[in-house]
Amino acid sequence: MTADPQTVEESPRPGTPLPSATLGGDSKGSVEQITLLLFITVPFLALAAAVPLAWGWGVSWLDLGLLVVMYYVGCHGITIGFHRYFTHGAFKAKRPLRIALAIMGSLAVEGPLVRWVADHRRHHKFSDAEGDPHSPWRYGETVPALLKGLWWAHIGWMFDEEQTPQHKYAPDLVKDPALRAVSRQFVLWTAVSLLVPPLVGGLVTLEWAGALSAFFWGSLVRVALLHHVTWSINSICHAVGKRPFKSRDRSGNVWWLAVLSCGESWHNLHHADPTCARHGVLRGQLDSSARLIRWFEKAGWAYDVRWPHASRIDARRKGKAAQAA
Ligand SMILES: [Zn+2]
Ligand SMILES: [Zn+2]
């Protein structure tokens, strides 16, 4: 990290506790719980209503374009930024890319950067054991217990009163003033994320109806879809999928989520080798996040990328039978 004069000036003196990187500190207040509930249920209802509505008054190419573009901006912000870069350090990034990834990930409306990273580091530390914030195996191995666990891993865990201590799990991010600011301005990024589609839709069509349908598809439906795909990594990818690699948890590779999850559903490899910049390491495993990281590297924005090595991958394979596969 480069220490420009501004950074040094804004850093608190040694000995003074660093301010929290999320508004409201490390605990979750009731206002935040209600907001969270709204942000989860409203887009989800929009998603549920989307299909019948599409037959009713249609969806324009503009709406679909906004949905796809905003979806993949936020999704890659999470997968490349929040996950592979900030959580696991799979590569190093020049300052402008570092800030851009923090903002892009915030547009996914999945909570402030520092909280996301702290939760996810705790997930890797305890994966599928006591202490994991979102294991689907939390309640046991029977079918009813797994169903309850899947619900917990998908959504329930976010309402848990117990918060991952940010200073313990993400001190590197908390001490960066710019990242702390991006993290604290989560409400602003949420507003930007939700308002860009209707703004574009309104300006292009010059009609309120155009703005409204762009808001419905580009904002609500898009956020709901992205939420459920991201959470599916926590729930589905820890319950089913192929496990060709050695990991001490139940993480699996789920092929049908690869395109929508920007390559994150090759989750078994990820738990076997968490700092690897590519998750889809086997032949034919699509990983758009890895492709973009490669482009960032070629452009000189990313460096010291931890690309997979054949020997490292082979060492993590299960048994001889898997090696032949
Ligand atoms: Zn996992
Ligand atoms: Zn991870």
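Residues numbered from 1 in each chain as written. Chains lettered and ligands numbered in written order. Predicted model: local features only at pLDDT ≥ 70, side-chain atom pairs only at ≥ 80, totals over all residues. Heavy atoms only, no water.

Labelled according to an unreviewed UniProt entry, the protein appears under the name Acyl-CoA desaturase, originating from Streptomyces benahoarensis. Its UniProt record gives the protein a comment under Sequence similarities (unreviewed entry), which states: "Belongs to the fatty acid desaturase type 2 family." One UniProt comment on the protein, placed under Subcellular location (unreviewed entry), says "Membrane". (UniProt positions renumbered as here; feature names shortened; annotations may be inferred.)

### What about the overall build of the protein?
Looking only at helices and strands, the protein has 15 helices and two strands in total. When burial is assessed residue by residue, the protein has 50% of its 325 residues classed as buried. Carbon together with sulfur atoms contributes 67% to the accessible area of the protein, which is approximately 16,000 Å² in total. (Helix = DSSP H or I, 4+ residues; strand = E, 2+ residues; numbered from the N terminus. Buried < 20%, exposed > 50% of the residue type's maximum accessible area, 1.4 Å probe, protein only. Areas by Shrake-Rupley, 256 points an atom, 1.4 Å probe, with all protein chains shown as cover.)

### So, the coordination of the zinc ion (ligand 1)
At this site the zinc ion (ligand 1) is bound by His123 (NE2), His238 (NE2), His267 (NE2) and His271 (NE2), with donor distances of 2.0 to 2.1 Å. For the zinc ion (ligand 1), the single-chain donor residues occur in sequence as H-x114-H-x28-H-x3-H. Separating the zinc ion (ligand 1) from the zinc ion (ligand 2) is a gap of 5.9 Å. In this pair, His123 is assigned in helix α5 (residues 113-126) and His271 in helix α12 (residues 267-272), connecting sequence segments 148 residues apart. (Donors = N, O, S within 2.8 Å, 3.2 Å for Na, K, Ca; no water.)

### Considerations on the confidence of the model for the protein
For the protein, per-residue confidence averages 86 on the pLDDT scale, and 86% of positions sit at 70 or higher. In the model, residues 320-325 has pLDDT below 50 throughout and makes six contacts with residues more than four positions away in sequence or in other chains. (pLDDT = per-residue confidence, 0-100. Contact = heavy atoms within 4.5 Å.)

### Observations regarding the coordination of the zinc ion (ligand 2)
Every protein donor of the zinc ion (ligand 2) is listed here as His83 (NE2), His88 (NE2), His120 (NE2), His124 (NE2) and His270 (NE2), and their distances to the metal cover 2.0 to 2.1 Å. Positions of the donor residues of the zinc ion (ligand 2), expressed as sequence spacing, correspond to H-x4-H-x31-H-x3-H-x145-H. The exposure class of His120 is buried, given its relative accessible area of 7%.

### Thoughts on helix α3 (residues 61-87)
Within α3, the axis deviates most sharply at Ile78, by approximately 25°. Immediately downstream of α3, the backbone of Gly89 shows phi near 60°, a positive value. (Bend = angle between axes of the 7 residues up to and from the residue.)

### Some points on the UniProt feature "transmembrane region" (unreviewed entry) in the protein
Mapped onto this numbering, the UniProt entry gives "transmembrane region" (unreviewed entry) at residues 36-58, 64-86 and 186-209. Secondary structure across residues 64-86 comprises 100% helix and 0% strand; the distance between its end C-alpha atoms is 30 Å. Its end C-alpha atoms 28 Å apart, residues 186-209 is made of 92% helix and 0% strand.

### A closer look at the nonpolar core
Within the largest apolar cluster, 35 residues are counted, with the highest numbers of intra-cluster contacts made by Phe86, Phe91, Leu97, Leu101, Leu113 and Leu173. Those elements that place two or more of their residues in this core are α3, α4 (95-106), α5, α8 (171-174), α9 (177-184), α11 (208-234) and α13 (288-299). A total of seven residues in this core trace back to one element, the largest contributor, which is α3. Not counting residues within four places of it along the chain, the set of residues in contact with Phe91 comprises Ile80, Tyr85, Leu97, Leu101, Ile293, Ala302, Tyr303, Asp304 and Val305. The next biggest cluster of nonpolar side chains, apart from the first, holds seven residues, and it includes Ala50, Leu67, Phe216 and Trp217. (Core = buried A, V, L, I, M, F, W, Y, C linked by side-chain atoms within 4.5 Å.)

### So, the pattern of salt bridges
Where charged atoms of side chains with opposite charge meet at close range, the side chains can pair. The full count for this structure, using the stated rule, is ten salt bridges. When the shortest N-O distance is used, the salt bridge between Arg84 and Glu264 registers 2.8 Å. One end of the pair, Arg84, is in helix α3; the other, Glu264, is in the loop between α11 and α12, and 180 residues separate them in sequence. Note on accessibility: Arg84 and Glu264 belong to one class, buried. (Salt bridge = Lys/Arg side-chain N within 4 Å of Asp/Glu carboxyl O.)

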